[in-house]
Amino acid sequence: MPDENLLTTLEQSLRQARATRARLAARLAELEAEAEKVRTELAEVDALANQTEAAMLRILSSVLGASSSTNSIALSVPSDEEIEAALRRDEAKNAHAARHQPPPVRSDIEPKSTRFADRTIPQAAAVLLREAGGPLHVNEIYNRLLEGGFQFTGQHPTISIAVSLNRNRRFRKVAPGTFDLVIRDVAQMS
C-alpha cells in the first residue's frame, strides 16, 4: 500500500511538471512572438531615425552650400519668420491640392493579409503613409488597414483613426481628414 501512495503522488507530481512545462513553453512562444514584434518596431524606428538624420544632413548641406556660395562669413540661417512663412505657403498649397472629394469608405473589403493585425493605429498608419509617399485621407487609411487585417473595435473607426493621428506628434493634418508624416515635411524642406 505505501508503494501505491508513493506512485500516486509521483504520478500527480509528473502531471503537474508536464502541465507546468506546457504552460512555460506556451509563454516562451508568446514572448518570442512579442520579441519579433519589438524587433520589427525597432527596425522601423531605426529607419525613421536614419531618414531624420539624412534630412538633417540635407538641410545642413543646403544651408552651408548657400552660405559658401555667397562667400559670407556668417552662416545664413533662415529666421523663424521665414520658416513660418514657408510652412504657411506649403500648408496652403497642400490644402488647396487636397480639397478634392475624399475617397469612400468601402464596406466590401476582405483582408488580404494580417500585416496590421498586431499593430496600433499610429504604427500601421505610419507604414501606410511611408508606402504611399504622401498624405492620405482617413477613409483611405481605413480601407488599407482593413485590407491589412487590422481589427477595429469601435463603432466609428474613421473617427478613431483621425483622433489617434491627431494626438500623435509623428503625424500632421494637411487638410480636413487628411494626414501625413511630419518627418516627410523635414525631408522635403531640404
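Engineer: What should I look at first to understand the packing of helix α3 (residues 121-132) against helix α5 (residues 157-167) in this one?
Structural biologist: Between two packed helices, the angle of one axis relative to the other and the distance separating the axes together describe the packing. Two elements in contact, α3 and α5, have axes whose closest approach is 9 Å; the angle formed by their N-to-C orientations is 85°. Classified by the angle their axes make, α3 and α5 are roughly perpendicular. Residues Ile121, Pro122 and Ala125 of α3 form the contact with α5, whose participating residues are Ser160, Ile161, Ser164 and Leu165. Broken down by class, the residue content of the contact of α3 with α5 amounts to 5 nonpolar, 2 polar and no charged.

Engineer: Can you walk me through the sheet that holds strand β3 (residues 178-181) in this structure?
Structural biologist: What the 3 strands build is an open sheet, ordered β1-β3-β2; its pairing is antiparallel. The open sheet terminates on both sides in strands that have one partner only, identified here as β1 (136-137) and β2 (171-175). Relative to β3, β1 runs antiparallel, the two being bridged by 2 bridges. Residue leucine 136 lies in a different strand from β3, and its bridge partner there is phenylalanine 179.

Engineer: How should I be thinking about the packing of aromatic side chains in this particular structure?
Structural biologist: When we look at a pair of aromatic rings, we describe it by the centre distance and by the angle of the planes. Summed over the entire model, instances satisfying the criterion amount to 2 aromatic pairs. Here tyrosine 142 and phenylalanine 152 contribute two aromatic rings whose centre-to-centre distance is 5.2 Å and whose plane-to-plane angle is 45°, an arrangement assigned as tilted. Highlighted residues: tyrosine 142 in helix α4 (residues 138-147) and phenylalanine 152 in the loop between α4 and α5, separated in sequence by 10 residues. The class for tyrosine 142 is buried, based on a relative accessible area of 13%. Since its relative accessible area comes to 21%, phenylalanine 152 is described here as partly exposed. Residues phenylalanine 150 and phenylalanine 152 carry aromatic rings whose centres are separated by 4.7 Å and whose planes lie at 55° to one another, so their mutual orientation is tilted.

Rules and cut-offs
Residues numbered from 1 in each chain as written. Predicted model: local features only at pLDDT ≥ 70, side-chain atom pairs only at ≥ 80, totals over all residues. Heavy atoms only, no water. Axes fitted to C-alpha atoms, helices over the stretch in contact; angles between N-to-C directions. Helix = DSSP H or I, 4+ residues; strand = E, 2+ residues; numbered from the N terminus. Parallel < 35°, antiparallel > 145°, perpendicular 65-115°, else oblique. Contact = heavy atoms within 4.5 Å. Nonpolar A, V, L, I, M, F, W, Y, C, P; charged D, E, K, R; others polar. Pairing = 2+ DSSP bridges. Phe/Tyr/Trp six-rings, centres within 6.5 Å; stacked < 30°, edge-to-face > 60°. Buried < 20%, exposed > 50% of the residue type's maximum accessible area, 1.4 Å probe, protein only.

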